[in-house]
Amino acid sequence: MKKLLAMLLTGCLAFGAAACGESAMTEDAPPKTEAQIKTEIIQEIIDDMTPAEKAGQLLMADFRQNTDGTGMTTLSEEAKEALAEYHMGGVILFAENLDTTEQTQQLTADLQAAADLPLFIGIDEEGGIVSRLGKSNIEHDEFPPAAEMEDVFWAGTSIGSTLSMLGINVDFAPVADVNTNPDNPIIGTRAFSSDPQAAADKVSEFISAMQELDVSACAKHFPGHGDTAMDSHKGETYVEHDMERLRTVEFVPFEQAIATGVDFIMAGHIKTPNATTDDLPASLSPEMLGILRNDLGFGGIIITDAMNMGAIVDEFGAGQSAVMAVQAGVDIVLMPADLAEAANALTEAIKDGTISEERVNESLNRILSLKYDKGLI
């Protein structure tokens, strides 16, 4: 795969023999457009992939600690081997991975160098109580929780600038939930507002600011975690509202995020028993993800919330849940409870057709297209 990518980067496959010093265009053949070149590059990569390499692009893992329990602030041999063995498409960083600016830049560079294809490197940096940077020695602007942010565009700009400088290209923010339940144990002031349109406007500002800096934003947690009485980290989580209520409240910020061009939307582990019939959390639900794709018109990358949460592991195995998520329409499975089990299950499902070629190629095209657009490929 690295050899193919090197060939693509030299232009030999994208531009034909002309890029390699020969004349490949006839008098009648017009030059290829950027869109055609991009399509050909992505198709060449997909055509050259093994099932295991395809499965790897659908996974984003965390490598928080070394085997001795210390934070992994330099790339460990174990992480390097996992990146190679499972052909990882992404890595998420946590506070344990961050110390100084120079150290983090070296870590992200080393992660990229160890990968088959360029990685999405993500982080949860919302401001307020969810700030990985806040636990590090990295110089950065500090921000209050979303509900107290006065200049949301500046927050997105500042956070995006810092992440870009560190080599981090995805931020799992903003929270697009509407904080309508004062007893909610997990969202609260992480949401911008209890008013759907006010929340939507600020979500849009944050996304616009961040993505202007080529750091992808991720609106979370679809279909909306703002009116749950449970924490999906700990177990099964429900939203009791019907579809009419979801469309008029919970979906509003997500619709505006889509209109703004958000690159990622995170599917939460949230069941909607009065709006869907499959009794599955949104992250595994063909019904709910179909609404996101078809009704709300989202064409970007759907990523799950962390798959090691109680709402998933209490009911499903790591391999089973990874396969179910991709079958349902997810593009990237985040933090499976057992990376090897998830990677192997996805590989086998791609090999035997449990996940159809069409379904996996849809995700690969979205993933590689964004990596191309962001200059990673």
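Refer to the structure presented above.
Scope of this entry: the structure provided in the associated data block. Given the structure is predicted, the values throughout are model-derived calculations rather than measurements.

## Digging into the environment of A200
Turning to its location among the elements, A200 is positioned in helix 8 (residues 196-211). Among the residues examined, A200 registers a relative accessible area of 0% and is labelled buried. With 162 residues separating them in the primary sequence, A200 and K38 have C-alpha atoms 32 Å apart. Setting aside chain neighbours within four positions, we find A200 in contact with V252, P253 and Q256.

## A word on the layout of surface pockets
What the second largest pocket holds in volume is close to 210 Å³. Surrounding the second largest pocket, D62, F63, R64, Q65, N66, T67, M72, S76, E78 and A79 form its lining. For the lining of the second largest pocket, the per-class residue count stands at 3 nonpolar, 4 polar and 3 charged.

## Here's the deal with unusual backbone geometry
Along the chain, K220 connects to H221 via a cis peptide bond; the corresponding omega equals 10 degrees. Here H221 shows up in strand 7 (residues 216-222). Geometrically, the link from F222 to P223 is a cis peptide bond, its omega value of 10 degrees lying close to zero. Its identity as a non-glycine residue notwithstanding, H87 has a phi of 55 degrees, on the positive side. Within the fold, H87 resides in the loop between helix 5 (77-86) and strand 2 (90-93). On the accessibility criterion, H87 (17% relative accessible area) is buried. Backbone geometry places M335, a non-glycine residue, at a positive phi of 50 degrees. Secondary-structure assignment places M335 in the loop between strand 10 (333-334) and helix 13 (339-352). Its relative accessible area of 4% is what places M335 among the buried residues.

## A short note on a negative patch on the surface
On the surface, E150, D151, D195, D201 and E205 cluster together to form a negatively charged patch. Tracing the backbone through its elements, the reader meets D151 in the loop between strand 5 (130-131) and helix 7 (152-166). The class for D151 is partly exposed, based on a relative accessible area of 44%.

## Describing the pattern of salt bridges
A complete count under the given rule lists 19 salt bridges for this structure. Between K38 and D373 there is a salt bridge; the shortest N-O distance is 2.9 Å. Residue K38 is located in helix 3 (residues 34-47), and its partner D373 is located in helix 14 (residues 357-373); the two are separated by 335 residues in the primary sequence. The class of K38 is buried, set by a relative accessible area of 18%. D331 is paired through a salt bridge with R359; the nearest N and O atoms lie 3.7 Å apart. Pair noted here: D331 is in the loop between helix 12 (318-328) and strand 10 and R359 is in helix 14, with a separation of 28 residues, a long-range link. Take D331 and R359: they sit in the same class, and that class is buried.

Rules and cut-offs
- Residues numbered from 1 in each chain as written.
- Predicted model: local features only at pLDDT ≥ 70, side-chain atom pairs only at ≥ 80, totals over all residues.
- Heavy atoms only, no water.
- Helix = DSSP H or I, 4+ residues; strand = E, 2+ residues; numbered from the N terminus.
- Buried < 20%, exposed > 50% of the residue type's maximum accessible area, 1.4 Å probe, protein only.
- Contact = heavy atoms within 4.5 Å.
- 1 Å grid on protein atoms, 1.4 Å probe; cavity = no way out; pocket = protein on both sides within 12 Å on 5 of 7 lines; lining within 4 Å.
- Points joined across faces, edges and corners; volume = space filled by probe spheres on them.
- Nonpolar A, V, L, I, M, F, W, Y, C, P; charged D, E, K, R; others polar.
- Patch = residues over 30% accessible without salt bridge, like charges linked within 9 Å, V, L, I, M, F, W, Y side chains within 5 Å.
- Areas by Shrake-Rupley, 256 points an atom, 1.4 Å probe, with all protein chains shown as cover.
- Salt bridge = Lys/Arg side-chain N within 4 Å of Asp/Glu carboxyl O.
- Lys, Arg positive; Asp, Glu negative; His and termini not counted.
- Charge placed at Lys NZ, Arg CZ, Asp CG, Glu CD.

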